[in-house]
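As a plain string of letters, each chain reads:
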Amino acid sequence: VSTQSTWEAVVSTQSTWTWEAVVSTQSTWEAVVSTQSTWAEEAVGDYRVLFINECASTAAQTILLRGANMYMLEEVERSLHDSLCVIKRVLESKRVVPGGGAVEAALSVYLETVAESMGSREQLAIAEFAQSMLVIPKTLATNGAHDATDLVAQLRGYHNAAQQDPEKKHWKHIGLDLVAGKVRDNVKAGVLEPAMSKIKQIKFATEAAVTILRIDDAIKMFQPQKQGQ
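A short tour of the structure in this document, coming up.

### Some thoughts on the layout of surface pockets
Taken as a whole, the largest pocket encloses approximately 570 Å³ of empty space. If you go around the largest pocket, you meet 24 residues; those closest to its centre are Ser132, Met133, Ile136, Ile202 and Ala205. Taken together, the elements giving at least two residues each to the lining of the largest pocket come down to α5 (122–132), α6 (135–143) and α9 (195–213). Among the elements that line the lining of the largest pocket, the one with the most residues is α9, at eight residues. Counted by class, the lining of the largest pocket contains 14 nonpolar, five polar and five charged residues.

Now the structure itself:
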């Protein structure tokens, strides 16, 4: 049988040709798994899982979550996802700030000082903005079942002293300790927040407030009065 005629009968001139690059799995496998890698097959729940440890080169890691039920696993997964997002934000911004309401309290004290130095009506707007910054530490104290008035007053006192007295400048890291119900140095305690997230929170909240203040009219729909009323 003529191979030429057979090939032409199978493949016509209108046929579509697809070329695929075939990568050697042997070379790729050897580049990832070294001779020092350890292999182990372990039982995870109802499944048998193959674990390969100490690989020569890897760009990803596997986190194995185990729990009593699916509700616990979902909660652990959400917590782990939030933690990874925080790490991602820290690596992106490359800066951290003390948490526990320290930034908001410091901004409130500083803006009040700026407002007092002004002699125009802008003083009122800046003073109100300074008061709004205390919403975060008040909410944190309330959620921790503590006296928000007492804790926020202590927090403002420390930050006011840090901004007025150079010898007490190290008090600028003072934030809330919601476990003990007191104030502490949150940098030493390891309570930190990504600077990028803190800046965006204040920026977006300010933009939302400005958008609401720009509304100078409202349309109200009154219910029609019934006869005899």
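### Here's the deal with the nonpolar core
The biggest cluster of nonpolar side chains holds eight residues, and these are Ala105, Ala141, Ala148, Leu151, Leu155, Ile174, Leu176 and Val183. Within the residue set of this core, elements represented by two or more residues are α7 (148–164) and β4 (174–177). By residue number, the principal contributor to this core is α7, which donates three residues. In contact with leucine 151, other than residues within four places in its own chain, are Ala141, His146, Leu176, Gly181, Lys182 and Val183.

### Some remarks on the side chain of serine 108
Mapped onto the secondary structure, serine 108 falls in helix α4 (residues 102–116). Excluding residues within four positions of it along the chain, serine 108 makes contact with Ala130, Met133, Leu134 and Arg156.

### What about the pattern of salt bridges?
This model, assessed by the stated rule, comprises eight salt bridges. In this structure, arginine 78 and glutamate 75 form a salt bridge, with 2.6 Å as the shortest nitrogen-oxygen distance. Within this pair, arginine 78 and its partner glutamate 75 are both found in helix α3 (residues 70–93), separated by three residues, close to a single helical turn. Ionic pairing is found between lysine 88 and glutamate 92, a salt bridge with its closest N-O pair at 2.6 Å. Placement of both lysine 88 and glutamate 92 in helix α3 is noted, with a separation of four residues, approximately one turn of the helix. If you follow the salt bridges from partner to partner, you end up with Lys88, Arg89 and Glu92 in one network.

### Regarding the packing of α3 against α9
α9 packs onto α3 with a crossing angle of 95 degrees between their chain directions and a minimal axis gap of 7 Å. One element, α3, and the other, α9, form an angle in the roughly perpendicular class. Residues Arg89, Glu92 and Ser93 of α3 form the contact with α9, whose participating residues are Ala195, Met196, Ser197 and Lys200.

What counts and what doesn't
- Residues numbered from 1 in each chain as written.
- Predicted model: local features only at pLDDT ≥ 70, side-chain atom pairs only at ≥ 80, totals over all residues.
- Heavy atoms only, no water.
- 1 Å grid on protein atoms, 1.4 Å probe; cavity = no way out; pocket = protein on both sides within 12 Å on 5 of 7 lines; lining within 4 Å.
- Points joined across faces, edges and corners; volume = space filled by probe spheres on them.
- Helix = DSSP H or I, 4+ residues; strand = E, 2+ residues; numbered from the N terminus.
- Nonpolar A, V, L, I, M, F, W, Y, C, P; charged D, E, K, R; others polar.
- Core = buried A, V, L, I, M, F, W, Y, C linked by side-chain atoms within 4.5 Å.
- Buried < 20%, exposed > 50% of the residue type's maximum accessible area, 1.4 Å probe, protein only.
- Contact = heavy atoms within 4.5 Å.
- Salt bridge = Lys/Arg side-chain N within 4 Å of Asp/Glu carboxyl O.
- Axes fitted to C-alpha atoms, helices over the stretch in contact; angles between N-to-C directions.
- Parallel < 35°, antiparallel > 145°, perpendicular 65-115°, else oblique.

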